[in-house]
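Topology and contacts: notes
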Amino acid sequence: MALAFVFSLLAQRVPCVGDYLDEETLNRMQQREEYLQEQMTKLLLEIEEMEMARSRMGLQALLFALLPYWKTVSVLCLFVFLFWFVWKIHKKFRGIEDNSDVESSSSEEQQQEQQEQQEPVVEVEAKDEFVFAEEFWPIHTHQEDGEHILSLLRHLIDICQYIVADTFYPVPAHTTGVGSVYEGWCPLVNKPVFCVVVSLLAPRGHTFHPDLGAPEELPARNSRVRVELECTCGREQEMRMRCFLHASAEELRNQQSNVLRNLCTDSYLDVEKTAQWFQKLIRNAWKYTHLSAMCSMNVTQSKRSCRLQVTDVYKKIFLVEMLFGVQQDDTDIFLSSQETEVGTTPSTIWPQSCTVAEVKFFLLVAARAEERNFYIRYMQVCTYILAGLNFSVYELKTVLMHLLTAIPLEGWHRSYFLERIDDILRYLRCCVEEKHLGHFFIGNEDVPAEIILPQDFRESEPLNLFEHLEDPERHKQALQELEELQDRLLSLLIYGK
Ligand SMILES: [Zn+2]
């Protein structure tokens, strides 16, 4: 209709051919033309607006038509989002693998180049390219420093032996590194305490008798070390002493039992007196070392151990804790000076300790495995995700020790890293649900035969480390923390932290 109106106006504007046009008529016609052009512009704008309104109505109509299917549309959107999320994770892992491949192949090339330069005819051995575990959680530990500290302490102990040789004080014998540093899993970022157990032997003419207290309690928390004299008649020359039991008082005038007189309380070896004596002994020994000119060593106060602060030539400080241990017969179990509860352990109590057996177990596993020290990264991941939760590192270590004896060592290869980490958490979940985690060395027939345990450790019923989970509140909390552990592991795998 608007177009018809435009055409009618245009028809009016066309002049008749041959007509005479005066000036007034011409002006009128020009005014008329301007007016018509304005009207035409208005009409064209109206037409455009009508077109736009029609397209808006079309879009609204489409949305109204889709409204009954909103559920389907939402699900489709969700699928698109999930697909995007999975793709991102996949891309991340592919990135890690690709990087490892690149580094692996570049290191292979370097190795090949080096070998070609040195021995051109030797073929380069094919190397396993899948190094995901290294990329994800490389092994960095304090093991090298640990070995240096151990070597220094062994040197000091040799000097201590020389100092006590003519006395009747206990003889410091073997020094064994224990705990996270010597088991290898203390992360490099932590400031470690290098912990060692110094085995004490009874002096000449004496014996140390383990008194385990309540026989049903394993490991014994209230055990003591009884010091007894033994007959040395007939061996006077060999032992450079008179028999404490059968020599006369006159003969024993210049010979005293230092250990019974100075280090015991009621014939039981006193931890605190022993610690004080040993601190003096180690200070003396330090004076005889050639290192005392270059390094420094301070003995810090401790009631049940000997704590050292060693500063090397580069001014690097190492913290050392020397615990004392009396070996139980010829087993890997020691009666240790380590306290059971801070500040409350009586001075004559030497609780049974499995720390030496634990180190021996990990060394044994490492020696048998194709890849030494593989277990380290599992422990490091576990301790990382445990931070701040109620599960103890010892509980996770116990889980790992059980699984190391249950799953063949080939199955712990680095390419199975994620599966084994998953196994550790699943095993822990089962233990929490059943409220039972067995102590690794007590009542466990899977402990390797190379670990020498007291008979009662092997014959005992399994000791439950999760007995406290019988409390419903603590059980509920442990189940919640399991979820937290899973989340933390997932976060570690996706974001690396
Ligand atoms: Zn005798």
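Structure report, in brief. Since the model is a prediction, treat every value here as computed from it, not as a measurement.

**With respect to the overall build of the chain**
In terms of regular secondary structure, the chain is built from 15 helices and 11 strands. Expressed as a percentage of its 497 residues, the buried residues of the chain come to 40%. Surface summary for the chain: the accessible area is close to 29,900 Å², and the carbon and sulfur share equals 55%.

**A word on the packing of helix α5 (residues 143-164) against helix α9 (residues 271-287)**
Contact geometry for α5 and α9: axes closest at 9 Å, N-to-C directions at 105°. Taken as axis vectors, α5 and α9 run roughly perpendicular relative to one another. In contact with Leu152, Leu156, Ile157, Ile159, Cys160, Ile163 and Val164 of α5, α9 contributes Trp277, Phe278, Leu281, Ile282, Asn284, Ala285 and Trp286. Here the contact of α5 with α9 is built from residues that sort into 13 nonpolar, one polar and no charged.

**Quick look at the pattern of salt bridges**
Applying the stated criterion across every chain yields a total of 17 salt bridges. For the salt bridge of Arg226 with Glu228, the shortest nitrogen-to-oxygen distance reads 2.8 Å. On the accessibility criterion, Arg226 (27% relative accessible area) is partly exposed. Residue class for Glu228 comes out partly exposed when judged on its relative accessible area of 28%.

Calculation criteria
- Think of each chain on its own: its residues are numbered from 1, step by step along the sequence as written.
- For this predicted model, a pLDDT threshold of at least 70 governs which residues receive local features, and a threshold of 80 or more governs which side-chain atom pairs are given and counted, while totals over whole chains, interfaces and linings are taken from all residues.
- Working from all heavy atoms in the structure, the side-chain values ignore hydrogens and water.
- What counts as a helix is a DSSP run of H or I of at least four residues, what counts as a strand is a run of E of at least two, and both are numbered from the N terminus.
- Relative accessibility decides the category of a residue: with a 1.4 Å probe and only protein chains considered, values under 20% of the type maximum give buried, values over 50% give exposed, and everything between is partly exposed.
- Methods summary: accessible areas were calculated by the Shrake-Rupley approach with a probe of 1.4 Å, and residue burial reflects only the protein chains presented.
- Axes here refer to lines fitted to C-alpha atoms; in helices the fit is confined to the stretch in contact. Angles between the N-to-C directions go from 0 to 180 degrees.
- Any angle that falls under 35 degrees is termed roughly parallel, while one over 145 is termed roughly antiparallel, one within 65 to 115 roughly perpendicular, and all others oblique.
- The contact criterion used is simple: two residues touch if any of their non-hydrogen atoms lie within 4.5 Å.
- Classification convention: Asp, Glu, Lys, Arg as charged; Ala, Val, Leu, Ile, Met, Phe, Trp, Tyr, Cys, Pro as nonpolar; all other residues, Gly among them, as polar.
- Counted as salt bridges are all cases of a side-chain nitrogen of Lys or Arg within 4 Å of a carboxyl oxygen of Asp or Glu.

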